[in-house]
Amino acid sequence: MMKKALKIGLLVIIILVAVGGISFYLKLDNVKEAAEAVEINNIDLSDINDGEYIGKYTLNEMSKVKLKVVVEDNKITGIDIIEHSHGPGKSGHEINDRIIEKQGLDVDYVSGATISSKIILKAVENALNGEGEI
């Protein structure tokens with residue numbers, strides 16, 4: 001009797017783990033689809049005043065970012081991540097250097113961090129479009 005109850009308990013645990021795993025991967029697929037739909041528009045830095053700008057972008061509860069963009073002499077001189085949730089992928093923070101180097105948002109995504117890269121790019125766009133100057 002004890003062995004049968006143990007087997008049933010183990011089977012229930014396996015089923016719960018499997019259902020949880022399937023649910024997680026279905027959610028991840030939805031995130032990937034939503035990220036593909038995000039449009040990133042380049043910014044004309046000649047229109048941006050010197051200052052610090054706060055930008056944020058939320059794709060879903062697993063993928064969101066809040067950051068500060070520093071502009072001096074119509075150039076992006078710094079991007080500081082304030083908050084960032086990126087789910088199971090890499091953080092993508094390397095994209096900050098790419099943006100600064102290219103002085104624009106038309107940059108390659110960080111390998112293994114495509115979703116994170118896109119939400120960071122969108123948050124920089126939002127910041128420079130006047131979402132908030134501090």
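Refer to the structure presented above.
These numbers come from a predicted model, not from an experiment.

**Overview of the pairing of strand β2 (residues 63-72)**
Part 1 of the argument: Across nine bridges, strand β1 (residues 51-60) lies against β2 in antiparallel orientation. Residue Gly-51 lies in a different strand from β2, and its bridge partner there is Val-71.
Part 2 of the argument: Connecting β1 to the next strand, β2, in antiparallel fashion are two residues.
Part 3 of the argument: Taken together, the ten bridges between β2 and strand β3 (residues 75-86) define a ladder with antiparallel strand orientation. Note on β3: the bridge partner recorded for Lys-68 is Asp-80.

**Remarks on the nonpolar core**
Part 1 of the argument: In terms of nonpolar packing, the biggest core is built from 30 residues, with Leu-59, Leu-67, Val-69, Ile-99, Val-124 and Leu-128 touching the most fellow members.
Part 2 of the argument: Secondary-structure elements contributing two or more residues to this core are α1 (2-36), β1, β2, β3, α2 (95-102) and α3 (114-131).
Part 3 of the argument: In this structure Val-124 touches Leu-67, Val-69, Ile-79, Ile-99 and Leu-105, once residues within four positions along its chain are discounted.

**Digging into the side chain of Asn-60**
Part 1 of the argument: With respect to the element layout, Asn-60 can be found in strand β1.
Part 2 of the argument: Engagement of the side chain of Asn-60 in a polar contact is seen with the backbone nitrogen of Ser-63, the distance being 2.8 Å.

**A short note on the sheet that holds β1**
Part 1 of the argument: Reading across the sheet, the three strands line up as β1-β2-β3 and stay open at both edges, with antiparallel pairing between neighbours. In this open sheet, the two strands that pair with only one neighbour each are β1 and β3. Across this sheet, the average inter-strand angle for adjacent strands is 15°, counted without regard to direction.

**Focus: the pattern of salt bridges**
Part 1 of the argument: Counted according to the given criterion, the structure contains four salt bridges.
Part 2 of the argument: In this structure, the salt-bridge partner of Arg-98 is Glu-94, at a minimum N-O distance of 3.9 Å.
Part 3 of the argument: For Arg-98, a relative accessible area of 29% translates into the label partly exposed.
Part 4 of the argument: The shortest N-O distance in the salt bridge between Glu-125 and Lys-122 comes to 3.2 Å. With Glu-125 and Lys-122 both in helix α3 and three residues apart, this pair spans about one turn of that helix. The two residues Glu-125 and Lys-122 agree in class, both being buried.
Part 5 of the argument: One network of salt bridges, in which partners are shared, links Glu-52, Lys-68 and Asp-80.

Criteria and cut-off values
- Residues numbered from 1 in each chain as written.
- Predicted model: local features only at pLDDT ≥ 70, side-chain atom pairs only at ≥ 80, totals over all residues.
- Heavy atoms only, no water.
- Pairing = 2+ DSSP bridges.
- Helix = DSSP H or I, 4+ residues; strand = E, 2+ residues; numbered from the N terminus.
- Core = buried A, V, L, I, M, F, W, Y, C linked by side-chain atoms within 4.5 Å.
- Buried < 20%, exposed > 50% of the residue type's maximum accessible area, 1.4 Å probe, protein only.
- Contact = heavy atoms within 4.5 Å.
- Polar contact = N/O pair within 3.5 Å; in protein donor to acceptor, adjacent residues only side chain to side chain.
- Axes fitted to C-alpha atoms, helices over the stretch in contact; angles between N-to-C directions.
- Salt bridge = Lys/Arg side-chain N within 4 Å of Asp/Glu carboxyl O.

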